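Here's the letter readout for the chains.
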Amino acid sequence: MNTFSKADKNTLLFVIIITMLAPFILNPFPEGSAMAQFNAGYPDLMQRFAIFGILAVGFNILFGLTGYLSFGHAAFLGVGSYSAVWMFKLLSMNIIPALILSVIIAGVFALVIGFISLRRSGIYFSILTLAFAQMSFSLAYSVLTPITNGETGLQITLNDPRILDGGTGAGNLPVTGLFGMEMRNTFTLDVGAWAFQFNVGYYVCAIFLILAFYLSMRIFRSPFGLMLRAIKTNQTRLNYTGLNSRPYTLAAFVISGMYAGLAGGLMASMDPLAGAERMQWTASGEIVLMTILGGAGTLLGPVLGAGFIKYFENIFSKINDNVLHTWFSFMPDGLENAIVWVLHFFVGKGWHLTLGMLFMLVVIFLPGGLMEGADRIRARFGRNKGDGDDTPNATTPAE
Amino acid sequence: MRPDLGRITMSNFTRRGLLKTGAVAGAGLAMPTLITSPLAAYTNEPTGGSVTLGFNVPQTGPYADEGADELRAYELAVEHLNGGGDGGMMNTFSSKALKGNGILGKKVEYVTGDTQTKSDAARASAKSMIEKDGAIMITGGSSSGVAVAVQGLCQEAGVIFMAGLTHSNDTTGKDKKANGFRHFFNGYMSGAALAPVLANEYGTDRRAYHLTADYTWGWTQQESIQAATEAKGWSTVNNVLTPLATTDFSSYIAPVLNSGADVLVLNHYGGNMVNSLTNAVQFGLRDKQVNGKNFEIVVPLYSELMAKGAGENIKGILGSTNWSWTLGDDGTKAFVKAFGEKYGFPPSNAAQTVYAQTLLYADACERAGTFNPCGIAESLEGFEFDGLGNGPTLYRKEDHQCFKDVLVMKGKENPTNEYDALEIVEITPRAQVEYAPDHPMFAGGDLGQCNPGA
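Each chain carries its own residue numbering, running from 1 in the direction its sequence is written. Here every chain gets a letter starting at A, and every ligand a number starting at 1, in the order they are written. Totals for whole chains, interfaces and linings use all residues, but because this is a predicted model, local features are given only for residues with pLDDT of at least 70 and pairs of side-chain atoms are given and counted only at 80 or more.

By the naming in an unreviewed UniProt entry, chain A is Branched-chain amino acid ABC transporter permease, taken from Paramylibacter ulvae. The heading Subcellular location (unreviewed entry) in the UniProt record of chain A holds the text "Cell membrane". UniProt positions are given in the numbering used here, feature names are shortened, and annotations may be inferred rather than shown by experiment.

K.L.:
Quick one: what's the story with the overall build of chain B, residue by residue and with numbers?
P.N.:
Numbering of helices and strands runs from the N terminus; a helix is a DSSP stretch of H or I covering at least four residues, while a strand is a stretch of E covering at least two. Looking only at helices and strands, chain B features 14 helices and 17 strands. Within these notes, the globule rule equals 2.2 Å times the number of residues to the 0.38 power, and the radius of gyration is based on C-alpha atoms. Computed over C-alpha atoms, the radius of gyration of chain B comes to 24 Å, within 12% of the 22 Å expected from 2.2 N^0.38 for 454 residues, which places it in the range of a compact globule. Considered along the principal axes of its C-alpha atoms, chain B spans approximately 85 × 45 × 40 Å. For chain B, restricting intrachain contacts to residue pairs at least 6 apart in sequence, the fraction spanning at least 24 positions comes to 72%. Placing a C-beta atom from the backbone of each residue, one calls two residues in contact when those atoms lie within 7 Å.

K.L.:
Give a detailed account of the sheet that holds strand 4 (residues 160-162) of chain B, specifying residues and quantitative values.
P.N.:
Residue and element names in this part refer to chain B. Ordered in space as 2-1-3-4-5, the 5 strands form an open sheet in which the pairing is parallel. Whereas interior strands pair on both sides, the edge strands pair on one side only; in this sheet they are strand 2 (107-114) and strand 5 (180-181). Pairing between strands is defined by DSSP: at least two bridges between the two strands are required. As judged from the 3 bridges shared by strand 1 (residues 50-57) and strand 3 (residues 137-139), these two strands associate in the parallel manner. Following the sheet pairing, Phe55 is matched in strand 3 by Thr139.

K.L.:
Quick one: what's the story with the confidence of the model for chain B, residue by residue and with numbers?
P.N.:
Residues and elements named next belong to chain B. Known as pLDDT, the predictor's confidence for each residue is given on a scale from 0 to 100. Residue-level pLDDT values for chain B average 85, and 91% of them are 70 or greater. Of the regions scoring below 50 in pLDDT, residues 1-38 engages in 34 contacts with residues more than four places distant in sequence or in other chains. Interface confidence for the predicted complex, expressed as ipTM, amounts to 0.80; the pTM equals 0.83.

K.L.:
Describe the interface of chain B and chain A, and please don't skip the residues or the numbers.
P.N.:
The interface of chain B with chain A comprises 45 residues on the first partner and 45 residues on the second. Those elements that place two or more of their residues in the side of chain B that touches chain A are helix 2 (15-28), strand 2, helix 4 (119-131) and helix 5 (144-157) of chain B. For the side of chain B that touches chain A, the leading source of residues is helix 4 of chain B, giving 7 residues.

K.L.:
An account of the packing of helix 3 (residues 64-81) of chain B against helix 11 (residues 330-343) of chain B is needed here, citing residue identities and associated values.
P.N.:
All names here are of chain B. Contact pair helix 3 / helix 11: the axes reach a minimum separation of 11 Å and the direction vectors enclose 105°. In this view, helix 3 runs roughly perpendicular relative to helix 11, as classed from their interaxial angle. Residues Arg72, Ala73 and Leu76 of helix 3 form the contact with helix 11, whose own contacting residues are Ala338, Phe339, Lys342 and Tyr343. Note on residue classes: Ala, Val, Leu, Ile, Met, Phe, Trp, Tyr, Cys and Pro are nonpolar, Asp, Glu, Lys and Arg are charged, and everything else, Gly too, is polar. Tallied by class, the residues present in the contact of helix 3 with helix 11 amount to 5 nonpolar, no polar and 2 charged. To define axes, lines are fitted to C-alpha atoms, for helices over the stretch in contact only, and angles between the resulting N-to-C directions are given on a 0 to 180 degree scale. The cut-offs work like this: below 35 degrees is roughly parallel, past 145 is roughly antiparallel, 65 to 115 is roughly perpendicular, and the gaps in between are oblique.

K.L.:
Give a description of the nonpolar core that names residues and reports values.
P.N.:
Core membership is restricted to buried Ala, Val, Leu, Ile, Met, Phe, Trp, Tyr and Cys residues, and these are joined into a nonpolar core through C-beta atoms within 7 Å. Residue burial here comes from a neighbour count, namely the number of other C-beta atoms, placed from the backbone, that lie within 10 Å of the residue's own C-beta, with 20 or more meaning buried, 12 or fewer meaning exposed, and in between meaning partly exposed. Core analysis: the largest hydrophobic core is formed by 235 residues, its most contacted members being Ile54, Leu55 and Ala263 of chain A. Per-element accounting of this core gives the leading share, 15 residues, to helix 3 (residues 43-66) of chain A. Taken domain by domain, the makeup of this core includes at least three residues from each of domain 2 (50-185 + 325-399) and domain 3 (188-321) of chain B. The contact partners of Ile54 of chain A, leaving out residues within four places of it in the chain, are Phe208, Leu209, Ala212, Tyr259, Leu262 and Ala263 of chain A. In this entry, domain limits derive from an automatic or database-based domain assignment.

K.L.:
Describe the packing of helix 12 (residues 301-315) of chain A against helix 15 (residues 351-365) of chain A, and please don't skip the residues or the numbers.
P.N.:
Residue and element names in this part refer to chain A. One way to put it is that helix 12 packs onto helix 15 with a least axis distance of 9 Å and a crossing angle of 155°. In terms of axis orientation, helix 12 runs roughly antiparallel to helix 15. Pair helix 12 / helix 15 crosses with right-handed handedness. Between helix 12, through Ile309, Phe312 and Glu313, and helix 15, the contact on the second element is made entirely by Trp351, Thr354 and Leu355. Tallied by class, the residues present in the contact of helix 12 with helix 15 amount to 4 nonpolar, 1 polar and 1 charged. Here a crossing is called left-handed whenever its near helix is offset anticlockwise from the far helix by less than a right angle, and right-handed whenever the offset is clockwise.

K.L.:
How would you sum up unusual backbone geometry? Please name residues and give values.
P.N.:
Residue and element names in this part refer to chain B. Phi at Asn44 is positive, roughly 55°, even though this residue is not glycine. Position of Asn44 among the secondary structure elements: in the loop between helix 2 and strand 1. Even without glycine at this site, His400 takes up a positive phi of about 60°. Relative to the helices and strands, His400 resides in the loop between strand 14 (393-395) and strand 15 (402-403). Using a count of 23 C-beta atoms within 10 Å as the deciding quantity, one classes His400 as buried.

K.L.:
Please set out the pairing of strand 1 of chain B residue by residue, giving values where relevant.
P.N.:
Most of strand 1 of chain B sits inside the fold, with 7 of its 8 residues counted as buried. Crossover handedness is defined by viewing with both strands directed away from the observer: a clockwise path from the first strand over the helix to the second marks the crossover as right-handed. Regarding the hand of the β-α-β motif, the stretch spanning strand 1 of chain B, helix 3 of chain B and strand 2 of chain B is right-handed.

K.L.:
Go over the sheet that holds strand 16 (residues 406-411) of chain B with me, naming the residues and quoting the values.
P.N.:
Residue and element names in this part refer to chain B. In spatial order, the strands read 7-6-8-11-12-16-17; together these 7 strands make up an open sheet with mixed pairing. Looking at strand neighbours, the two that pair on one side only are strand 7 (235-242) and strand 17 (422-428), the edges of this open sheet. On average, each strand axis in the sheet is inclined to that of its neighbour by 20°, with strand direction left out of account. Pairing between strand 16 and strand 17: 6 bridges, direction antiparallel.

K.L.:
How would you summarise the pairing of strand 6 (residues 207-213) of chain B if you had to cite specific residues and measurements?
P.N.:
Looking along a regular strand, one sees side chains alternate from face to face of the sheet. All names here are of chain B. Of all 7 residues in strand 6, 6 are buried, a share of seventy percent or more. Where strand 6 lies against strand 7, 7 bridges are found, and the strand directions are parallel. Note that in strand 7 the partner of His210 across the bridge is Asn239. Bridging between strand 6 and strand 8 (residues 263-267) involves 5 bridges; their strand directions are parallel. The residue bridging Tyr209 from the neighbouring strand is Leu264, located in strand 8.

K.L.:
Summarise helix 13 (residues 373-380) of chain B; cite the residues concerned and give the values.
P.N.:
All names here are of chain B. Three or more residues of helix 13 are buried, namely Pro373, Ile376, Ala377, Ser379 and Leu380. Viewed along the axis of helix 13, the buried residues span an arc of 165°, placing them on a single side of the element. Positive phi appears at Gly382, one or two residues downstream of helix 13, with a value of about 70°. Here the arc refers to the directions that run from the helix axis out to each C-beta atom.

K.L.:
Can you lay out the environment of Lys177 of chain B for me, pointing to particular residues and giving the numbers?
P.N.:
Residues and elements named next belong to chain B. Along the polypeptide, Lys177 turns up in the loop between strand 4 and strand 5. By C-beta crowding, Lys177 is classed as buried, having 26 other C-beta atoms within 10 Å. Among residues more than four places away in sequence, those in contact with Lys177 are Gln151, Gly152, Gln155, Leu447 and Gly448.

K.L.:
Can you break down the confidence of the model for chain A residue by residue, with the values?
P.N.:
When the pLDDT values of chain A are averaged, the result is 84; 93% of them are 70 or greater. In the model, residues 385-399 of chain A has pLDDT below 50 throughout and makes 22 contacts with residues more than four positions away in sequence or in other chains.

K.L.:
How would you sum up the environment of Tyr343 of chain B? Please name residues and give values.
P.N.:
All names here are of chain B. Checked against the element boundaries, Tyr343 lands in helix 11. Taking the number of C-beta atoms within 10 Å as the measure of exposure, Tyr343 has 15 and is therefore partly exposed. Expressed as a C-alpha distance, the spacing of Tyr343 and Ala73, which sit 270 residues apart in the sequence, is 9.8 Å.

Below you can see the structure in the form of structure tokens.
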């Protein structure tokens, strides 16, 4: 632990506080107000924030540290999901065996794919991983239909064996749980006009996110992490020193694959369904976007990027013309319609457009991602305040 | 811990109190029994003056056109339920429980979402409607894969699912759920309605080659039409599965030419069907003579939007639909008029399906006197009605499938405008498309019990 600087400890504490208080932070607007549309504090989205946070943190161990850009991480996510759902079908609705199996299977997959792909570097490596991911997608989509149920997706059914649970009687489908705690249970706290939702599933995901974050922090600060960074800086020079760098890159690849497997397993634990589209190349691309948007190579960046993209996908895509009209109803009719007509292209099904533009702005003006923006703001205000305690660390990126 | 819990729900709070609450909530995680849902009789029980419905349709992807038309119909239905417009089919509906003052006196509001024709995205969207927007009912979707996935979710969450556009046998077969209802017809019915017409038009010794969309709908549609045509004496040469995301079917069409088949059955829908049919026509299949007969193409499931997309190519091609705006009954006329006045063109059968389902849901609430999913399910089960455009209709209790007449359609040779591309060949009576609930094609599922959630 003494390898952690004060800034690191603060970052970890920051992550813990943010994830634990997320139901408050993400629900700033009172229920029923016009702004309530922008609230993100409902269980499904909060779970997604945490799960994709884990995925991005894992991806960052590979991409941020070694510079190897994998375009196939969605495959591990999908493999993790399928493993988890099979555990729900065969063994038990408890999420622990499901998560264990998904991490192991994803690790094995990563070992095989990494062993082959890592024979090349740079763009060739990216293409190889992309090819493997597309292969996995096609397999899941049509060839391996008995295992994956193809396009329909793998779901739990009433007549699954579930050996440990002793099967399920007639009636309703069982729900996933952790030793009796049901993942879907939500406690709603009404404070005035606000309704804060505390969901068991979210807190399970959040704890895994904190553990995943802590582990990645340890890797970043370890000699192993230093070696990975050396690979990114100049692999040729490293090879000339007589060092074989491939075991290190392979280890990083497998670790990050296992992270993705854990994320996939958690996704299935929150909602026991696994679909092939989780493995499509667009899903892999999304992971890359998250990491770059947040700030590749920084500790906190990928988590921020994941949250950013998921927020857009879930909140902006649900604003329809009707909602726009209610917002601008105070304006004269002609003007209202004109504004709605313009905004129409940026919300609802046009959310990709908004996200794309923001992505461009970030890449052009903040090449280091959202983290660079945060650092710049901190640097400016830190100096103005003359906060002697934190400034030396604040100006250096969290990397 | 327990005495502390009282403090959580206190409505006036201070900064300190807020922090404390956070700590308590965190600690509460270790005590699962404390974290239970608030006391409500069922999921999202509406307490204010309004009730929220969730319209979950594909706004992007291969079925986006159908999704857009569904949304139009939903908006129209909400308008009519709230007493706006001319009331549309509410005037012709045989049940008179709806009064045009919302549902059970509560104003109807709605939220929309994009399923992207992906199970994952559709479930995420439906979940956010239930968890964030408090939707009491989810409806929509233009793919059976999505419908099956969302139906499962609604069953778990304890809300009613009105399935929208889903034609797979599985939706009310092996994947049927107590909280889900389907107004649309299915693959088996398409086969049963289409096979006699095909035998009449093309003879009884045909050799069929199937191209099938590779998911639950394609599989069951193909199985149904194969069984129905083989019963009429046809033989099946081959069945090739095509991925849903395919846009160019050339490589699938080429082998058909040398297979010895004289009929091509396209078990495709939406954009898929438009592309595969166009490819098939480009390859000159329709001008070919095989086994001394004209080569024919059949599209088991038709829609107006597909006909519009495929243009010239659909002339003379047979298929089946759930409904057509050209029908002459009062319900159809009222709906086509209302829809046409609002949007300027006639509705598709997807639009009619979701409009009818929204009205049926509202009517079931009125008759049950509650929004409780179990009460609604009870009043929908075995419900017989008329006046929603399909003639006398039954929602069967055993599998929540709707039974009504099925239309066999044909691409018009001389369409007068782009919405007039299909003509009715035969209205197949309900009795001919009925089947036992335990029919082998529908076996293996279990409705389970209705789940009110909470």
